[in-house]
Structures are given as C-alpha cells and as structure tokens.
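Fold and contact review
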Amino acid sequence: MTSKRRYVVVGTGHRVQMYLDAMAGDHRDDAELVGLVEPNPGRLSVHLNRLAEAGLEVSSVVTGHPDDLERVIKETEADRAIITSPDYTHAELIVRSLDAGVDVVVEKPLTINAEGTRQIADAVQRTGRQVVVTHNYRYSPRNSGLKELIKNGAIGTPLSVTFEWVLDTAHGADYFRRWHRDKANSGGLLIHKASHHFDLVNWWLADTPTQVYARGGVRFYGSENAAARGMAPHPERGTHDGTHSPWELDLRTDPRLKALYLDSESYDGYQRDQDVFGPGVTTEDNLAVIVDYAQDATLSYALNAHAPWEGYRVAVNGDEGRAELEVVERAAVLTDAEGRVVIDPSAVPESSSRTGGERLTLQRHWEPAQDVKIEAGTGAHGGGDALLLADIFRGHADDWLERSANWADGVRAIAIGIAGNESLSTGLPIKIADLELGVDLSR
Ligand SMILES: NC(=O)c1ccc[n+]([C@@H]2O[C@H](COP(=O)([O-])OP(=O)(O)OC[C@H]3O[C@@H](n4cnc5c(N)ncnc54)[C@H](O)[C@@H]3O)[C@@H](O)[C@H]2O)c1
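Residues numbered from 1 in each chain as written. Predicted model: local features only at pLDDT ≥ 70, side-chain atom pairs only at ≥ 80, totals over all residues.

This part covers the overall build of the chain. If you tally the helices and strands in the chain, you get 15 helices and 17 strands. By principal-axis analysis of the C-alpha atoms, the chain measures approximately 65 × 55 × 45 Å. Nonlocal contacts in the chain, meaning residues at least 24 apart in sequence, comprise 76% of its contacts between residues at least 6 apart. (Helix = DSSP H or I, 4+ residues; strand = E, 2+ residues; numbered from the N terminus. Contact = placed C-beta atoms within 7 Å.)

Soluble globular proteins: nonpolar side chains tend toward being buried together. Counting 112 residues, the largest nonpolar core has Y7, V8, V9, V10, A81, I94 and V104 as its most contacted members. In terms of residues, this core owes the most to one element, helix α15 (residues 407-426), which gives eight residues. Both domains that meet at this core, namely domain 1 (5-134) and domain 2 (137-220 + 281-379 + 406-435), each give it at least three residues. Sequence-distant contacts of A81, defined by excluding residues within four places in its chain, comprise V8, V10, I73, S97, V102 and V104. Within the second largest apolar cluster, six residues are counted, among which are L251, L260, Y261 and L262. (Core = buried A, V, L, I, M, F, W, Y, C linked by C-beta atoms within 7 Å. Buried ≥ 20, exposed ≤ 12 C-beta atoms within 10 Å, placed from the backbone. Domains from an automatic or database assignment.)

This part takes up the sheet that holds strand β8 (residues 209-217). Hydrogen bonds between backbone atoms are what pair the strands of a sheet, whose relative direction is either parallel or antiparallel. Overall, mixed pairing links the nine strands, which are arranged β16-β15-β12-β11-β7-β10-β9-β8-β17 in an open sheet. The sheet is open, and its two borders are formed by β16 (370-372) and β17 (430-431), each paired with just one other strand. The pairing of strand β7 (residues 158-168) with strand β11 (residues 310-318) spans eight bridges and is antiparallel. Counted as the bridge partner of S160 is N317 from β11. (Pairing = 2+ DSSP bridges.)

With that out of the way, let us pick up the sheet that holds strand β3 (residues 62-64). On the basis of which strands lie adjacent, the open sheet formed by six strands has the order β3-β2-β1-β4-β5-β6 and parallel pairing. At either margin of the open sheet sits one strand with a lone partner, and together these are β3 and β6 (131-134). Neighbour-to-neighbour, the strand axes of the sheet open up by a mean angle of 25°, direction not taken into account. In the sheet, strand β1 (residues 5-10) pairs with strand β4 (residues 80-83) via four bridges, with the strands oriented parallel. Bridge pairing in β4 places Y7 opposite R80. (Axes fitted to C-alpha atoms, helices over the stretch in contact; angles between N-to-C directions.)

Attention shifts here to the site of the ligand. Taken together, 22 residues sit near the ligand, with G11, G13, R15, P66 and S85 positioned nearest. Its residues assigned to classes, the shell around the ligand comprises six nonpolar, ten polar and six charged. (Near = placed C-beta within 6 Å. Nonpolar A, V, L, I, M, F, W, Y, C, P; charged D, E, K, R; others polar.)

One can find A81 in strand β4. With 16 residues separating them in the primary sequence, A81 and S97 have C-alpha atoms 6.8 Å apart.

Okay, the pairing of β6 next. Residues V131 and V133 point to one face of β6 and V132 and T134 to the other, with burial holding for every one of them. In terms of strand pairing, strand β5 (residues 103-107) meets β6 through four bridges, oriented parallel. In the sheet register, V105 faces β6, and the bridge partner there is V132. Since β5 and β6 lie parallel, the crossover through helix α5 (residues 114-127) that links them has a hand, and here it is right-handed. (Right-handed = clockwise from strand over helix to strand, strands pointing away.)

Inspection of the sheet shows β11 paired to strand β12 (residues 321-330) by eight bridges, in the antiparallel sense. Within the sheet, the bridge partner assigned to R313 lies in β12 and is E326. Taking the residues that link successive antiparallel strands as the turn, the β11-β12 hairpin has two residues. Across eight bridges, the pairing between β12 and strand β15 (residues 357-364) is antiparallel. By the bridge assignment for β15, R322 is matched with Q363.

This brings us to helix α10 (residues 194-205). Look at α10: 16 Å from first C-alpha to last across twelve residues, which is about the 16 Å you get at 1.5 Å a residue. Of all twelve residues in α10, eleven are buried, a share of seventy percent or more. For α10, the complete set of buried residues consists of A194, S195, H197, F198, D199, L200, V201, N202, W203, W204 and L205. (Expected span 1.5 Å × (residues − 1).)

Let us now look at unusual backbone geometry. Excluding glycine, residues mostly have negative phi values, and the peptide bonds linking residues are mostly trans. Following K108, the chain continues into P109 via a peptide bond in cis, with omega recorded as -10°. Mapped onto the elements of the fold, P109 is located in the loop between β5 and α5. Positive phi outside glycine occurs at D296, with the angle close to 90°. Locating D296 in the fold gives a position in the loop between β9 (286-293) and β10 (298-307). The phi angle at E402 is positive, at roughly 50°, despite the residue not being glycine. Tracing the chain through its elements places E402 in the loop between α14 (384-394) and α15.

Right, dumping it as structure tokens:
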C-alpha cells in the first residue's frame, strides 16, 4: 500500500506545520515534499528554514505564489496537493489542483458555502480525481471509544444526541483575532469549527443529516457588544507596550507567532492579534442547532466561544441505554501577574471543582452506569493527528471503525453548517437536499 508520493503543499501558516513535520520526520519514507505554494515570502521562508533544520533537502523544493499553482504542480510532477490555506480559498485551490492533474488532501472545512461545494463536486466529476478532507477528531481515542460503543450495539439503536462544545476565552477568543472573525472568510463557526463536531455525529451515527434549524448570533465579541456592556475601548492590537488585558495576544511573547505573523506583516498586512472587541466581527459566538437525520435520530447541538473552560459533553440515547462522553480540555484559563493569559492545556487549579480529563460512561437500561476505558493517546488532538497522518501518508488499512473520512463525508460535515447559516439568515428550517450541493450524500 505504501508508495512514496510527491506532494505540493499550499498555504504555509500555522496548520501546515503538522504536515511538514510529518514529511520531514515520521513520514519521510512515505512522502516527498516537492513544492510549496504561499503568497507571503516571510512565512514561506520560516517553514523552509525549519525544514532545513530538520535535515530535509530544501534546495530542490519548487516554490511559488498561488497564481503559479499550476506551474508548480507541472514542474514538480506532483501526485497530490495538500491544502492548508484559509477556508475561503479552498474551493478555488481544490478545483485548480484537480484540473492541474493531482489528487487533493484538504484541511477541514472542505469549503465555506454551497457554491464552492458545487464547484468542487463538478471538478471531482470532471477529473475523476480524489478529494479527502482531514477530519482528525475521529481519530482521538475518546471519540473512537464512543464510536466503538455505538457500533457494538451497546446502547441499541441511537435515537437522539445532545452535544455541547465550549471554547474558552483563550482558544475561543482566537477565532475573533484574525481572518475567522469575518464570516465571509470562514463560513462562521458553524462551518469553520462545528464541521469537526458535525462530522463526529455523522460518523458516530453512520447516518446522513437531512434538515437543520439554527439560532444564534454575535453576542459577546465585537465592538457593538463591548460598547453595550460599557467596556472601555481596547488597543486595536494585542502587540503593544504597557499593561495588557487577558483578551489580548501579544505576538512578541511567542517566537513562532512573531516569526510567522508579526515579522511577515510587511508583505501582506495580515494582523494575527486584532482586538476581539474591535469592529468587523460577523462570526457568531453563540449557536444552537437542531439537526434531523435520515434514520430519524435528532441532534441538538450548542457552541459557545467565550466560556471559562474548554471541552465538550455528548450524550447518545439509544433504545437500550445511553452513552455519555465528557471531556475537559482545559479546566480554566488563568492569568499571570501581568494579566496575560497563561496557556497551559492541563491547567487544573487546586481550588477547582472541575477536574481535567475525559470520561466515557455507558449505562444500559436496568443496569448501573459503568466507566468505559479510553485508550491513552499522545500528541495533538488526543493522539488523533498522528493516526490521521499515518492514514494520509501510508494509506488506510482496514479499519473496523471506518475513521478515514471520504469525499462525501467532507461534504456531509459542512452541509449542516451551510444549511445552518441559511437557517440563521431566514429563520426557517432548511432541508439539505434543497441546497443542491451536487453530491449524493445518502449512505
Ligand atoms: N484540523 C484542525 O484541527 C485545524 C487546526 C487549525 C487550522 N485548520 C485549518 O487549516 C487551514 C489553515 O489555517 P491556519 O490556522 O494555518 O491559517 P493561517 O492564516 O495561519 O495560514 C494560512 C496560510 O495560507 C496563506 N494563504 C492565504 N491565501 C492563500 C492562497 N490563495 N493560496 C495559498 N496560500 C494562501 C497565508 O498567507 C498563510 O500563510 C484552515 O482551513 C483551517 O480551518 C485545521
């Protein structure tokens, strides 16, 4: 199954590091990096320097601006493109890559709206090539553990799911500091973030969403909410001298952020540290969604982006019992003596009644609840990223849990967010079939 494929990587900001590190490290024998496409020369050289330090021969890597994507693909005789650029660029870059003759691996979300989905679907049909969306959350042992329970029939047939995800004032706030803050760039959190969560539910239930009703809004971040709460005006950016509020990100405090963004700003004016209470925020920070599934189960989902802790709670009700997954990714966001946020994913203050960690519980009808063991995972996203990379670069072996997401899965994951956005603006429930996404989503 293993063959050394030739890769062009498109978009060299934050997320790309996982793929480049893999190609320079564990997957050096599976993948050859032949091209890098990026509009910002500063960020491009940060990554080229890192690769050289990791011992990769970079002199033969062809580089280019996104306008030159086709040339880079042709010159390098690439097999695949990995796309790690901002969400609003995905549709065009996927279509151009497919037409230039390569398969595509794209970071979630596939794209941000129905029009982009149709364009990609047309190109997939026209070229007969593959598009894979990387849904790494499936590979987290805790999420796989819940899938295993359901697939084993431990709760019988699933009839409904409740799912709440809370993003804290460090990570959640970060979506309001840069391009994500404008819904036009990311499709809002229903697409950008919740596509991970909707993909999990689609996969847990092995079912297809059919209708979506969503409510929510920009209720916390942005200048209007800050003014309504009587907040004093903040500096426009977090990178400044003097005292800081915990809402700010000073790019000089992190050498990686400084090199990638602050030192590269002169090329394109991309500001990574904007005021979360400044003007221009159109991405909703509180969301509630109800989703109907083809086999009659319903999902009720909620997302909050300014919580004091980070994690999620899922309950799946079956006709023979109930499974519950509770995950605390960060029990509290704490500040140092200067008022800056201390980013410590394992922070569990001694005085806290919220302990960290994860808990998977099964309770069958007429039986006591029991803890279900979760396999320990290491590394990013609960060990999910390493397993995902093995799938991408080595090809997936037979997997009873069917974790590898295919093309239709990528579309199903954003279909809920696309319909949800339509529902937010019309106030009506939206049938996914009416979106005419150009892809058969039935199973
Ligand atoms: N699966 C996950 O857990 C996860 C985590 C973070 C980000 N992501 C996804 O990865 C992608 C990138 O996010 P990021 O945080 O690295 O963003 P980023 O802004 O840090 O990096 C994006 C890079 O793409 C470049 N770029 C902009 N326009 C481009 C174009 N037209 N063609 C090529 N490159 C272009 C930018 O200059 C920048 O260097 C997004 O789609 C995001 O949703 C996924």
